[in-house]
Amino acid sequence: MTLKSRLPGTETSIFTRMSRLASEHGAINLSQGFPDFPIDPLLADLVHKAMLDGSNQYAPMAGLLPLREQIARVVEETYGRKTNPDLEITITAGGTEALFMAIAAVVHAGDEVIIFDPSFDTYAPAVLLNGGKPIHLNMSPPDFSIPWDALQQAINSRTRLIIVNTPHNPCGTVLSSSDLDRLASWCVEHGIYLLSDEVYERIIFDGQQHQSALSRPELQPWAMAVFSFGKTFHVTGWKSGYVVAAPELTAEMRKVHQNIVFCTNTPVQVAFTEYMKNPEHYSTLGPFYQIKRNFFLDQLKHTPLKPLSCSGSYFQLVSYGHLTQADDLDLAVKLTREAGIATIPVSNFYADHADHKLLRLCFAKKEETLAAAGKKLSQLDWSEF
Ligand code: GLN
């Protein structure tokens, strides 16, 4: 008997594939999104200390309460939303588990879920695993704005959830205040939940303000907002994040969490509790990455690639359609193998594989890495690609 797949269309993620290819070919890896610089030694010390102090057994299912209290404080200070840490905040195994929990909490068989493409690769599979139907609406370069007309046409009585991501991976765009107001009014009017993927909340540039779903009181019964310690504290491999939502939604999400991982690792939670007490550890992230973005844009000036506008996240899109008509996946593979530079093809973020001749480059890297990448890209002979 052959095993019938529940996700027949899912292959190993492009992030894993490109990182593997980069390491096989010794390429500079600007593909998968993760920092290549060291973390704050204080944070590492805090985890070590927590382990030595005996914080090595199960944490409570929803996470350590003192950590949830710190999060509640920061959420209130940042977004003006007062939350009950006991009933509205859950510590998760990274943003990815939180996304799955949120989808599983509200999506029933046959429910439709609106996903704006390009979209992160776990949204649609999580909807499918929960018996839902992903409805993909495309956003297009260069501004990747929400397709409001298509959204209006897509909404019907089966629409259960809309998923948004700001700052956006891979586009580097951010939702405006009026975008969020408009989405909020749709959700409230039609009784639709909103899953707001805000893992890059603090990586936002040029004086723009992050528009959190938590900042809109009218969304309180509808919104689930997902955050990532990995992005904010440069520790993607610790797989730690959290989700904030009203008590009724949180209770349902925790039923999922309890049955997947039960709880997440304890010493890291102890360390974050202490580390979050100093606001400098999170409030400086925007300027920190803005310097990297600007440095990287300077490197790209020596190449014929055309950067798109990047207002947030640690990803820079570049367009290459004026240089070659190569398919973006083929180009990304060839650049890794032959030019020693790994990137992510943007068509992978579209269900219909729309190829806008765009590559995504991660600039969460040391300046020397970004300079070396810029040099390689400036020396390419595009007639070979
Ligand atoms: N979020 C990261 C990216 O977009 C990678 C996540 C992953 O590898 N699953 O590159």
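As shown above, the structure is provided for reference.
Everything numeric in this text was worked out from a predicted model, so none of it was measured.

Asks: Hey, could you go over the site of the ligand for me, with residue numbers and the actual values?
Replies: The full set of residues close to the ligand is Phe15, Gln32, Gly33, Phe120, Asn169, Tyr200, Phe315 and Arg360. Backbone polar atom of Gly33 to an oxygen atom of the ligand: 2.7 Å apart, as the coordinates give it. Arg360 is positioned such that a nitrogen or oxygen atom in its side chain is 2.7 Å from an oxygen atom of the ligand. Surface burial for the ligand is 79%, taken as the share of its 300 Å² of free accessible area covered by protein chains. The pocket occupied by the ligand, as judged from atoms lying within 2 Å of grid points, is the second largest pocket.

Asks: Got a sec to walk through empty space enclosed by the protein? Specific residues and values, please.
Replies: If you walk through the whole model with that rule in mind, you get 2 cavities of 30 Å³ or more. Taken as a whole, the largest cavity holds about 90 Å³ of empty space. Contributing to the lining of the largest cavity are Val74, Glu201, Arg202, Ser228, Phe229, Thr232, Phe233, Tyr242, Met276 and Tyr282. As a volume, the second largest cavity reaches approximately 30 Å³. Around the second largest cavity, the lining residues are Ile71, Val74, Val75, Thr78, Tyr79, Glu201, Arg202, Phe227 and Tyr242. A per-element tally of the lining of the second largest cavity places helix H3 (residues 65-79) first, with 5 residues.

Asks: Describe the pairing of strand E13 (residues 358-362), and please don't skip the residues or the numbers.
Replies: Burial analysis of E13 places 5 of its 5 residues in the buried class, which makes it a mostly covered element. Taking every second residue as pointing to the same face, both faces of E13 are buried, with Leu358, Arg360 and Cys362 on one and Leu359 and Leu361 on the other. Judged from the 5 bridges that link them, strand E10 (residues 315-319) and E13 form a sheet pairing that is antiparallel. Residue pairing in the sheet places Ser319 in a bridge with Leu358 of E13.

Rules used in this analysis
- Residues numbered from 1 in each chain as written.
- Predicted model: local features only at pLDDT ≥ 70, side-chain atom pairs only at ≥ 80, totals over all residues.
- Heavy atoms only, no water.
- Near = heavy atom within 4 Å.
- Polar contact = N/O pair within 3.5 Å; in protein donor to acceptor, adjacent residues only side chain to side chain.
- Areas by Shrake-Rupley, 256 points an atom, 1.4 Å probe, with all protein chains shown as cover.
- 1 Å grid on protein atoms, 1.4 Å probe; cavity = no way out; pocket = protein on both sides within 12 Å on 5 of 7 lines; lining within 4 Å.
- Sits in = over half its atoms within 2 Å of the grid points.
- Points joined across faces, edges and corners; volume = space filled by probe spheres on them.
- Helix = DSSP H or I, 4+ residues; strand = E, 2+ residues; numbered from the N terminus.
- Buried < 20%, exposed > 50% of the residue type's maximum accessible area, 1.4 Å probe, protein only.
- Pairing = 2+ DSSP bridges.

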